[in-house]
Amino acid sequence: MLGHKGMLGSDLFSKLSIGHEVVGMDKEEIDIVAADNCKKAIKETEPDIIINAAAYTNVDDCETAKEECFAVNAEAVKNIAENCRDKDIRIIHFSTDYVFNGKAKQPYKEDDKCNPINVYGQSKLAGEKYLQSLSKNYLLIRTSWLYGVKGKNFVQTILEKAKAKSFIDDAMARTNAKADGPSMLSVVDDQVGSPTYTKDLAAAVGLLIEKNAQGIFNVTNRGTCSWYQFAVRILKESGFDKIKVIPIKSSKLKRPAKRPAYSVLDMHKFIQVTGKAMQPWQLALQDYLKNIKI
Ligand SMILES: NC(=O)c1ccc[n+]([C@@H]2O[C@H](COP(=O)([O-])OP(=O)(O)OC[C@H]3O[C@@H](n4cnc5c(N)ncnc54)[C@H](OP(=O)(O)O)[C@@H]3O)[C@@H](O)[C@H]2O)c1
C-alpha cells in the first residue's frame, strides 16, 4: 500500500491488515514519482494488489506547485500502471469529487463528464486517465470531503478554532473584560458535498475488494450538506454550542483554488454491487468524535 501513513491510508492499512498481508510504504520508504522506485518495490514485494492512497492533497498549494502536484497525482499513477500492466497486478486508486465543475443539480454518476475547475482536480483527472488507459485491472474510487483521525481536516480545524475561541471567552469572563459579542466562526455556505469518514471509506474499500469490483465507484458517506451546515453540526456534537457560525460566500475567503459549488456523488452503483449503504454523514461524524480527544 502506497501512502499508508496518510489520513485515508492509515485507516485503510488498519482495516485491510485484518485478513490480508499488507506491506505499507509511504514517502520515507518510496517516492512514487520516481519510476524506478515503483519497479523496485513491485519486484521486492510481488503484490497481488497495489493500493495507492498517496497523493498531493493540498488543493490551494496545487495552484502554484503545479508541477509537483501533477508529478504525484498523475505521472506517478502512470508509473504505477505501467509497472503493473505486464504482471496483471490489480490497482486500487483514489480520486475526488473535484474532477467535476460543480454545476450539476443532482448527484454525479461515475460516467458523468469531468471538467475540473482547479489544478488539483485537473491533476487527479489526469491520473484517472492514465489508470484507465494503462490498466485492465483497476478499481478507481472517487470520494469527497475526507476527515479521519490521522491528518489535517475540516473537523479538526473547526474544533481547534472553537477551542481557541472558548479559551478567549473564558479568559474574558475571568477578568471581567467586555467581549464584542458572542464567539463567531465564518464558514462558506455555497459549496455542497458529502463529508466522508476515512474509517467508513476504508470499510467500503474492503467490501469492494471482496466483490472483486472493477472500474469507477463513487464512495462517500450518505447525505449532503454545505461546509457551514457541517461546521454547525460539528460544534453541536462536540459541546461548543455557544459559538455562532456565520454563513458566508466562498468569494469572501479569496482562496487560491476555486471549488465546485455542488459535488455530491451518486452512490447507486456502490449499493447495487455491495448490497450495502454507507451510513449518514451525521452518524459518521459522531463515530469520529468518539475516536478523537476534543
Ligand atoms: N482529503 C480529502 O478531502 C480528499 C477528498 C477526495 C479525494 N481524496 C483522495 O483520497 C486519497 C487520500 O487522501 P488523504 O487526504 O488521505 O491524503 P493525505 O493524508 O495527504 O496522505 C497522502 C499520503 O501520500 C504521501 N505522499 C505524498 N507524496 C508522495 C510521494 N511522492 N511518494 C510517496 N508518498 C507520497 C504523503 O506523505 P507526506 O505527508 O509525507 O507528504 C501522505 O502520507 C488521495 O488520492 C486524495 O486525492 C482526498
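In case you missed it, the structure is sitting above this.
Residues numbered from 1 in each chain as written. Predicted model: local features only at pLDDT ≥ 70, side-chain atom pairs only at ≥ 80, totals over all residues. Heavy atoms only, no water.

Looking now at the overall build of the protein chain. Across its full length, the protein chain holds ten helices and ten strands. For the protein chain, the C-alpha radius of gyration of 20 Å lies close to 19 Å, the compact-globule estimate for 294 residues. Across its three principal directions, the C-alpha atoms of the protein chain cover 70 × 40 × 40 Å. Sorting the 294 residues of the protein chain into buried and exposed places 48% on the buried side. The long-range fraction of contacts in the protein chain, counting pairs at least 24 apart against all pairs at least 6 apart in sequence, stands at 81%. Of the accessible surface of the protein chain, which amounts to about 15100 Å², a share of 51% is contributed by carbon and sulfur atoms. Taking the 43 positively charged and 36 negatively charged side chains of the protein chain as two groups, their mean positions are separated by 5 Å. (Helix = DSSP H or I, 4+ residues; strand = E, 2+ residues; numbered from the N terminus. Rg over C-alpha atoms; globule rule 2.2 N^0.38 Å. Buried < 20%, exposed > 50% of the residue type's maximum accessible area, 1.4 Å probe, protein only. Contact = heavy atoms within 4.5 Å. Areas by Shrake-Rupley, 256 points an atom, 1.4 Å probe, with all protein chains shown as cover. Lys, Arg positive; Asp, Glu negative; His and termini not counted. Charge placed at Lys NZ, Arg CZ, Asp CG, Glu CD.)

Among the residues of helix 2 (residues 35–45), Cys38, Ala41 and Ile42 are the ones counted as buried. Taken down its axis, helix 2 places every buried residue within 100° of arc, on the same side. Residues of helix 2 that are exposed and angled more than 90 degrees away from the buried face: Asp36, Lys39, Lys40, Lys43 and Glu44. Against strand 1 (49–52) and helix 4 (66–85) lie the buried residues of helix 2. Residue glutamate 46 follows helix 2 closely and has a positive phi angle near 45°. (Arc of directions from axis to C-beta.)

Packing of helix 4 against helix 5 (residues 119–134) brings their axes to within 9 Å, and their N-to-C directions diverge by 10°. The orientation of helix 4 with respect to helix 5, classified from their angle, is roughly parallel. Between helix 4 and helix 5, the contacting residues are Lys66, Cys69, Phe70, Asn73, Ala74, Glu75, Val77, Lys78, Ala81, Glu82 and Arg85 on the first element and Val119, Tyr120, Gln122, Ser123, Lys124, Ala126, Gly127, Tyr130, Leu131 and Leu134 on the second. (Axes fitted to C-alpha atoms, helices over the stretch in contact; angles between N-to-C directions. Parallel < 35°, antiparallel > 145°, perpendicular 65-115°, else oblique.)

Relative to the helices and strands, glycine 3 resides in the segment before helix 1 (7–16). Residues glycine 3 and lysine 27 lie 24 residues apart in sequence; the distance between their C-alpha atoms is 6.9 Å. Those residues in contact with glycine 3 that lie beyond four places of it in its chain are Gly9, Met25, Asp26, Ala53 and Ala54.

With respect to the helices, strands and loops of the structure, arginine 90 is situated in strand 2 (residues 90–96). C-alpha of arginine 90 to C-alpha of phenylalanine 240: the two residues are 150 residues apart in sequence and 45 Å apart in space. For arginine 90, the side chain forms a polar contact with the side chain of asparagine 212, separated by 3.3 Å. (Polar contact = N/O pair within 3.5 Å; in protein donor to acceptor, adjacent residues only side chain to side chain.)

Every disulfide links exactly two cysteines, by a covalent bond between their sulfur atoms. Inspection of the entire model under this criterion finds zero disulfides. Just so you know, cysteine 114 is unpaired, no disulfide at all, and the nearest cysteine sulfur is the one on cysteine 69, 16 Å from it. (Disulfide = S-S within 2.5 Å.)

On to the nonpolar core, then. Within the largest apolar cluster, 55 residues are counted, with the highest numbers of intra-cluster contacts made by Leu2, Tyr147, Val155, Phe230, Leu235 and Leu285. Top contributing element to this core by residue count: helix 4, with seven residues. Setting aside residues up to four positions removed in sequence, leucine 285 forms contacts with Tyr147, Val155, Phe230, Arg233, Ile234 and Glu237. Ranked by size, the runner-up nonpolar core spans 23 residues in total, among them Ile92, Leu139, Ala202 and Ile209. (Core = buried A, V, L, I, M, F, W, Y, C linked by side-chain atoms within 4.5 Å.)

Right, let's talk about the sheet that holds strand 8 (residues 215–218) for a bit. An order of 1-2-3-8 is seen for the four strands of this open sheet, with the pairing classed as parallel. With one partner strand each, in any of the chains shown, strand 1 and strand 8 form the two edges of the open sheet. Adjacent strand axes in the sheet meet at a mean angle of 20°, parallel and antiparallel pairs treated alike. Seen against the sheet, helix 5 touches strand 2, strand 3 (138–143) and strand 8 and runs at an angle of roughly 155° to strand 2. (Pairing = 2+ DSSP bridges.)

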